[in-house]
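Structural overview
So you can see what is in the structure, the chains are spelled out below.
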Amino acid sequence: MLRGRSLSVTSLSGLPQWEAEHLPVEDLLLFEVSWEVTNKVGGIYTVIQTKAKTTADEWGENYFLIGPYFEHNMKTQVEQCEPINDTVRRAVEAMNKHGCQVHFGRWLIEGSPYVVLFDIGSSAWNLDRWKGDFWEACSVGIPHHDREASDMLIFGSLTAWFLKEVTDYADGKHVIVQFHEWQAGTGLILSRARNLPIATIFTTHATLLGRYLCAANTDFYNHLDKFNIDKEAGERQIYHRYCMERASVHCAHVFTTVSEITAIEAEHMLKRKPDVVTPNGLNVKKFSAVHEFQNLHAMYKARIQDFVRGHFYGHLDFDLEKTLFLFIAGRYEFSNKGADIFLESLSRLNFLLRMHKSSVTVVVFFIMPAKTNNFNVETLKGQAVRKQLWDTVHSVKEKFGKKLYDALLRGEIPDMNNILDRDDLTIMKRAIFSTQRQSLPPVTTHNMIDDSTDPILSTIRRIGLFNNRADRVKVILHPEFLSSTSPLLPMDYEEFVRGCHLGVFPSYYEPWGYTPGIYIVDRRFCSPDDSCNQLTQFLYGFCKQSRRQRIIQRNRTERLSDLLDWRYLGRFYQHARHLTLSRAFPDKFHMEPTLPPTTEGFKYPRPSSVPPSPSGSQASSPQSSDVEDENEDERYDEEEEAERDRLNIKSPFSPSHAPRGKKKLHGEFKN
């Protein structure tokens, strides 16, 4: 996948000497609090969802997630049940007796973790009182017009209340609570203000003000130390939210971020240096057969091709076997996520492909949720036409097959001119007429509420990518997250990613993300135009690759994915929990570790057999020749290729990559 920014991906390396010793989880309770537990808003949902199995395997029945209750999410994602843990059961019952609506169950994801969900609406009548409590706790006021911040205060107040009940019934067990992002931070602030005996971790996945500043097209990373933080937050009318985030950071026993660059950002924006870097991981699925993931790619690609057949009906004059599917996905942050530079690069790519008379077509999906009025009629009609045509073909094929079968049984070679009668020809002609359309295929699948001002659509109008027949680059904006229950494109995101050829994420502001880069676009030390040219060349080079070359590259990517598995990266979360226990309960846990620096340590090894980035990326695969048969899956010695990778890739956590850090004394964060 393509990745934006040339900032190094570096994290903690020197794990403490006692890291190998397991925490006494039977004497502990671990809670993770996030607004995105069972509630998909952005990337934190994926972090928690994918990490759940690793954490549940380690903590078993003593691991719980806390999030907001939404009826639809509860019905589709959660199996309601009674708490087995006596402490949690009594805490839930106590809150329900006081009129709160607390729901408990198992989240139906891998690992099946327990979830505690609070109904925000049923407790909204307490908002004014809780605003007063919050002011007394940290002197931060929440404006009445900020509905989101008010909801977060209700959520945080219910969280702090629940944790108070938990500690009352804990029966000697120690409680660790990790809060994700400012939305959950109010619960941390209130818990510390009330002196609850819990060990707290606050994790920021991206600073609030950082998002706003980058969206304003500032040279953010090169001017981190020059911003007037209070002034910038006030001008953007988020000063109270910024104060909530900053208070959360300084209240926590341990503060973590997801990458080195975010650690540097947090030190400037939030005025505290993170104690631990906890990079996001993945659940890497291992395949029993060497070509299994290639087969999955073919299967899911076929589903995407079906959608494309319907979307481009009447204009399907390009070869789907020579069509590449690219995508960008995530929050709809036009500049932060790099949609601006991506669109400009696509315009230039379209010019190059047309100028060189390439037979390759590129279909690009933008999967970014925006405000819509449901699917548009033309898109739904396209899928209906495709299905109707498919049914017509099947009925004619069945009739044709019966006649052919009967003729062969009689020992005759049928006259192909007579095997189809007039009715059959009429049906086929009507089917052809039904595929005629007067308009171009739409560039969006939904009716956009702010169509005239939407940044993606406005840019498409400016660069002229309207899905014309002559265009070699076609664009489709799908302004909602993918779902297997969608009537339009019934695929989960993971399936869709498998079916595509390349993901492109040239973000300017990307604290970590879930897109381990194969090619890296320089967004920091290049002008926007130079970055755009660099991305264009990457895309054009990828379009010139043969099928065999893409298979080689996909195989390499699959092997390298081990470096980002939660089985490895989850250790940093273990590290943070050890540290917070030693700070919160120093008399019980004498574990203050020797902390390695967060800005030094290992960098992911770059094997000689793996494509380097950015300048030499394309040279790692042989350039295609004019005589190469694109449809032939040429064999190459995959085992030899894999063995070279295995020899070059060392575990990022091996002793040789773990320099010791200097001892750092603490004690100022004790309860």
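Each remark here, short or long, concerns the structure printed above.
Every value quoted in this text rests on a predicted model; they were computed, and no experiment measured them. Residue numbers here run from 1 along each chain, matching the order of that chain's written sequence. Local features in this predicted model are restricted to residues whose pLDDT is 70 or higher, and side-chain atom pairs enter the listing and the counts only when it is 80 or higher, whereas totals over whole chains, interfaces and linings include all residues. In computing side-chain values, all of the structure's heavy atoms are included and hydrogens and water are not.

**Considerations on the overall build of the protein**
- Numbering of helices and strands starts at the N terminus; helices are DSSP runs of H or I of at least 4 residues and strands are runs of E of at least 2. When you go through the protein residue by residue, the secondary structure sums to 20 helices and 17 strands.
- We call two residues in contact when some of their heavy atoms are within 4.5 Å. Of the contacts formed within the protein by residues at least 6 apart in sequence, a portion of 79% connects residues at least 24 apart.
- Accessible surface is estimated by sampling points in the Shrake-Rupley manner with a 1.4 Å probe; for residues, cover comes only from the protein chains shown. Looking at the protein as shown, the accessible area adds up to about 29800 Å², and 51% of this sits on carbon and sulfur atoms.

**Here we look at the packing of helix 12 (residues 339–355) against helix 15 (residues 455–463)**
- Fitting a line to C-alpha atoms yields each axis, with helices limited to the stretch in contact; the angle taken between N-to-C directions then spans 0 to 180 degrees. Orientation of helix 12 relative to helix 15, taken along the N-to-C sense of each, is 25°, at an axis distance of 10 Å. In terms of orientation, helix 12 and helix 15 fall into the roughly parallel class. In this structure, helix 12 crosses over helix 15, and the sense of that crossing is right-handed. In contact with Leu343, Glu344 and Ser347 of helix 12, helix 15 contributes Ile456, Thr459, Ile460, Arg462 and Ile463. Note on angle classes: values under 35 degrees are labelled roughly parallel, values over 145 roughly antiparallel, values of 65 to 115 roughly perpendicular, and the remainder oblique. Crossings are classed by handedness, with left-handed meaning an anticlockwise turn of the near helix from the far one by less than a right angle and right-handed meaning a clockwise turn.

**Considerations on the packing of aromatic side chains**
- Two rings belonging to Phe, Tyr or Trp (six-membered ring only in the last case) form a pair when the distance between their centres is within 6.5 Å. Interplanar angles under 30 degrees mark stacking, angles over 60 mark edge-to-face geometry, and anything in between is tilted. Taken as a whole, this structure holds 27 aromatic pairs when the rule is applied.
- Geometrically, the ring pair formed by Tyr221 and Tyr508 is tilted, given 5.6 Å between the ring centres and 55° between the ring planes. In this pair, Tyr221 is assigned in the loop between helix 7 (208–215) and helix 8 (229–235) and Tyr508 in the loop between strand 16 (502–505) and strand 17 (519–520), connecting sequence segments 287 residues apart.
- The class of Tyr508 is buried, set by a relative accessible area of 10%.
- Among the aromatic residues, ring-to-ring pairing joins Phe31, Trp35, Phe64, Phe70, Phe104, Tyr114, Phe118, Phe155 and Phe162 into one connected group. Note on classification: 1.4 Å probe, protein chains only; a residue is buried when its accessible area is under 20% of the maximum for its type, exposed when over 50%, partly exposed between these limits.

**Looking at the sheet that holds strand 4 (residues 78–80)**
- A strand pair is defined by DSSP finding two or more bridges across the two strands. Read from one edge to the other, the open sheet built from nine strands follows the order 4-5-6-3-2-7-8-9-10, with strand pairing classed as mixed. Since the sheet does not close on itself, it has two edges, and those belong to strand 4 and strand 10 (276–277), each with one partner.
- Where strand 8 (residues 198–204) meets strand 9 (residues 254–257), four bridges bridge the pair, whose relative direction is parallel. Among the inter-strand pairings, Ile201 is bridged to a residue of strand 9, identified as Val254.
- Packing of helix 10 (residues 260–269) onto the sheet brings it into contact with strand 9 and strand 10, and relative to strand 9 it is tilted by some 125°.
- Docked against the sheet, helix 19 (residues 566–584) engages strand 2 (28–33), strand 7 (174–180), strand 8, strand 9 and strand 10, running at close to 135° with respect to strand 8.

**As for the pattern of salt bridges**
- The salt bridge criterion pairs a side-chain nitrogen of Lys or Arg with a carboxyl oxygen of Asp or Glu, the two atoms within 4 Å. Enumeration over the complete set of coordinates arrives at 32 salt bridges.
- Here Lys226 and Asp225 are joined by a salt bridge, their closest N and O atoms 3.4 Å apart. The exposure classification of Lys226 matches that of Asp225, with both residues exposed.
- Three or more residues are tied together by salt bridges with common partners; here these are Asp86, Arg89, Arg90 and Glu93.

**A short note on the nonpolar core**
- Each nonpolar core is a collection of buried residues, namely Ala, Val, Leu, Ile, Met, Phe, Trp, Tyr and Cys, held together in the definition by side-chain atoms within 4.5 Å. Ranked by size, the top nonpolar core spans 68 residues in total, and within it Phe31, Phe118, Phe162, Phe220 and Met269 carry the most contacts.
- Looking at this core element by element, the count peaks at 10 residues for helix 5 (residues 147–168).

**A short note on the pairing of strand 15 (residues 473–478)**
- In terms of residue burial, strand 15 counts as a mostly covered element, since six of its six residues are buried.
- Across the two faces of strand 15 the burial is the same, with Val473, Val475 and Leu477 and Lys474, Ile476 and His478 all buried.
- As paired elements, strand 12 (residues 361–367) and strand 15 share six bridges and run parallel to each other. Each residue of the ladder has a partner; that of Ile367, found in strand 15, is His478.

**Structural notes on the packing of helix 1 (residues 43–59) against helix 19**
- Between helix 1 and helix 19, the least distance of the axes is 10 Å, while the angle of their chain directions is 70°. Here helix 1 lies roughly perpendicular to helix 19, going by the angle between them. From helix 1, Val47, Thr50, Lys51, Thr54, Thr55, Glu58 and Trp59 reach across to helix 19, where they touch Trp566, Tyr573, Gln574 and Arg577.
- Three residue categories are used. Nonpolar comprises Ala, Val, Leu, Ile, Met, Phe, Trp, Tyr, Cys and Pro, charged comprises Asp, Glu, Lys and Arg, and polar comprises the others, including Gly. Looking at the contact of helix 1 with helix 19, its residues break down into four nonpolar, four polar and three charged.

**Considerations on the side chain of Gln294**
- Here Gln294 shows up in helix 11 (residues 292–311).
- Within the local environment of Gln294, its side chain forms a polar contact with the side chain of Arg554, the two groups lying 3.0 Å apart.
- Contact partners of Gln294, with chain neighbours within four places excluded, come to Arg547, Ile551 and Arg554. Polar contacts, as counted here, are pairs of nitrogen or oxygen atoms within 3.5 Å of one another; within protein the pair requires one atom able to donate a hydrogen and one able to accept it, and residues that are adjacent in sequence qualify only if both atoms are side-chain atoms.

**Thoughts on helix 10**
- With seven of its 10 residues buried, helix 10 lies for the most part within the structure.
- Among all positions of helix 10, only Glu260, Ile261, Thr262, Ala263, Glu265, Ala266 and Met269 are buried.
- Buried residues along helix 10 sit in contact with helix 7, helix 8, helix 9 (239–251), strand 9 and strand 10.

**A closer look at unusual backbone geometry**
- Of note, Lys271 is a non-glycine position whose phi angle comes to about 65°, a positive value.
- Structurally, the position occupied by Lys271 is in the loop between helix 10 and strand 10.
- Residues other than glycine seldom take positive phi values, yet Asn467 does so here, at roughly 65°.
- Here Asn467 lies in the loop between helix 15 and strand 15.

**Notes on the side chain of Arg211**
- Relative to the helices and strands, Arg211 resides in helix 7.
- One polar contact links Arg211 to Glu333, side chain to side chain, over a distance of 2.9 Å.
- Contact partners of Arg211, with chain neighbours within four places excluded, come to Ala206, Arg331, Glu333, Asn336 and Tyr509.

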